[in-house]
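Coordinates in review
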Amino acid sequence: MPRFSNPSKLTRIYHRLVNPPSQSKSISTTPVPTHDHIAHLILEQKTATQALQTFRWASDLPNFAHSQSTYRALIHKLCTFRRFDTVHQVLDEMPGSIGSPPDEDIFVTLVRGLGRAKMIRSVIKVVDLVSKFDETPSLKIYNSILDVLVKEDIDLARKFYREKMMESGVEGDDYTFGILMKGLCLTNRIDEGFKHLAAMKSRRLIPNTVIYNTLLHALCKNGKVGRARSLMNEMLKPNEVTFNILVSAYCREGNVVQALVMLEKSFGNGCVPDVITVTKVIEILCNEGRVTEAVEVLERVKSDGGSVDVVAYNTLIKGFCKKRKAKIAVGYLKEMERKGSLPNVETYNVLISGFCESGMLDSAMDMFQEMKTAGISWNFVTFDTLVNGLCSGGRTNNGFKILELMEESKGGSGGRISPYNHIIYGLYKENRLNEAFEFLSKMGKLFPRAIERSSRILRLCKEGSIEEAKRVHDQMTEEGGIPSALVYSSLIHGFCQKGLIKEAFELMNEMISRGYFPISTTFNSVIIGLCKEGEIGSAMNLLEDLVGRGCLPNVESYNPLVEALCRKGEFQKALFVFLQMVDKGGVPDFCTWNSLVLCLCQEKMWIEDTSIFCEHNLLE
């Protein structure tokens, strides 16, 4: 065997290991190292050669003799570097060196090393290797081989169990059957898993909780939650893992009722679900708007000694923000801090988003500044969320300032265009169209391909080549590009001018799905087009929907409807739209009055019915 090339260096390492710094310098004798010291030293080596050299160096130390533990450390390092030939040499020398053959832990170490190297045939031959030393393979060795085989080929593992174990009179224990059950479930052979369970019972073996949980997990993974629930009833003592599996499965199905029933059963059995399961329950409750119940679950878990982390709190905070209760959500931010769960950037991002959606933009800005005070770095989502909220809320100038901060920060936008599109949307929404076009052209330096496409679409729309403009739009979106509000507005106007109202309507829906709500000049084109086609009901529904989404109509939004209804002689409906316009602050113009008066004349209604003139006087 090779000798260590620098024994003095190893000796210094060894002395530091066995002599604490506080040890008196007056001690002149070298202490006898423990086997743990040498094993640790061997395991620290970076190569197989160094591990061997260390082992041989230790052999020469006065009054030191190797043991099973130091040999095991050496074999582990040799297996790590796939020096299996050397492993066999080391095993052969053990009886002569320490007076006993390798123990079961050494063979288990070898099995695992061969398994990591995917040397499956060699793994099986370890049984014969044990016999070579006139030893009988222990159940621990058999189980370690079985565990490796199961991960590679369940059929090979079962064959090994039948031919090597059972024929040798080794039936196995709970761990053996658990390994086989794991293999069957990993390959989704659930029916065979049930047969395996029945075979255990026929041998008067009581399956342990791990075996049941393995089968339960496989059933739930395959969507057979009901069958898993029935199987749980067979268990003598389900544990936390059992309930985690079933609660999580019901959450994945969206079955909140059964998830809560199982959660309550878990508490009743003295089992507290883990934080991942708890978070899933909180999430499903929050998604259904049942935030109060989510709070109750959180409090119950804490009172029963369970752990709640920042992810669980973030999920709850998100639930409150979705309910437009961002102020209450802030209370849970403070609770997190009191309980020792430090908020992270996602916590603040969720709160900023919640305040923006509730129109509480000053509070969103306060949260943004609080992050800096708390030492939490802003990320792209922080900037993107706040710029979007400010621009959507009519504070585009503030959005510009946040955008500038983003550009100054490390990473900037990271090549993502969305914050810039939010600025364009803010300018569009505030009807600052010239500034929007100017900003779009400046974006060309950062996003040349996207802006070239956008500019091309705008030019084609202006030229009346709407089909070609739509083709460029489709190509842009297929490649992952996000059109700006200006692009959508131009396309919608272009389609309406061509009388292609259906296409304009679809584009407007796409625009809204992006979070860009059209201003009146955009959706008025669609309303006019629908009215021209006689689709007055659709036009009225569209206007009602847009108003409900926060879009602000003007007189030109209502006029086409009033005129179309008057042309059809439906004065009462026209009057209803007229009054709706007045209620929204619109002032009727000459066209509106003209349409209503003509309609009255056609209906031969008496001038004495002065209700409409009273309305006129009120407006004046």
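Residues numbered from 1 in each chain as written. Predicted model: local features only at pLDDT ≥ 70, side-chain atom pairs only at ≥ 80, totals over all residues. Heavy atoms only, no water.

Looking at an unreviewed UniProt entry, the chain carries the name Pentatricopeptide repeat-containing protein, with the source organism given as Rhododendron simsii. You can read under Sequence similarities (unreviewed entry) in the UniProt record for the chain the words "Belongs to the PPR family. P subfamily." (UniProt positions renumbered as here; feature names shortened; annotations may be inferred.)

Let's talk about the overall build of the chain
When helices and strands are tallied, the chain shows 36 helices and 0 strands. Taking all 620 residues of the chain together, the buried fraction comes to 46%. Working note: accessible area of the chain is about 31,100 Å², and carbon and sulfur atoms make up 51% of it. (Helix = DSSP H or I, 4+ residues; strand = E, 2+ residues; numbered from the N terminus. Buried < 20%, exposed > 50% of the residue type's maximum accessible area, 1.4 Å probe, protein only. Areas by Shrake-Rupley, 256 points an atom, 1.4 Å probe, with all protein chains shown as cover.)

What about the environment of Ser230?
Examined against the element boundaries, Ser230 turns out to sit in helix 14 (residues 225-232). In this structure Ser230 comes out as partly exposed when scored by relative accessible area, which is 46%. When the C-alpha atoms of Ser230 and Leu216 are compared, they prove to be 9.7 Å apart, with 14 residues separating the residues in sequence.

Remarks on unusual backbone geometry
What you tend to see is this: most non-glycine residues have negative phi, and most peptide bonds are trans. Backbone geometry at Asn188 places phi at a positive 60°, although glycine is not the residue there. With respect to the helices and strands, Asn188 occurs in the loop between helix 11 (174-186) and helix 12 (190-202). Owing to a relative accessible area of 39%, Asn188 belongs among the partly exposed residues under this scheme. One non-glycine residue, Arg324, lies in positive phi territory at about 60°. Looking at Arg324, the relative accessible area reads 52%, which means it is exposed.

Considerations on helix 22 (residues 361-374)
Note: α-helices contain 3.6 residues per turn, so residues at a spacing of three or four share the same orientation. For helix 22, spanning 14 residues, the distance from its first C-alpha to its last is 20 Å, which sits close to the expected 20 Å at 1.5 Å a residue. Inspection of helix 22 places Leu361, Ala364, Met367, Phe368 and Met371 among the buried residues, and these make up the whole buried set. Looking down the long axis of helix 22, one finds its buried residues gathered within 110° of arc, a one-sided arrangement. Those residues of helix 22 that are exposed and aimed more than 90 degrees away from the buried face are Asp362, Asp366 and Thr373. As for helix 22, its buried residues are in contact with helix 20 (326-339), helix 21 (345-357), helix 23 (380-392) and helix 24 (396-408). (Expected span 1.5 Å × (residues − 1). Arc of directions from axis to C-beta. Contact = heavy atoms within 4.5 Å.)

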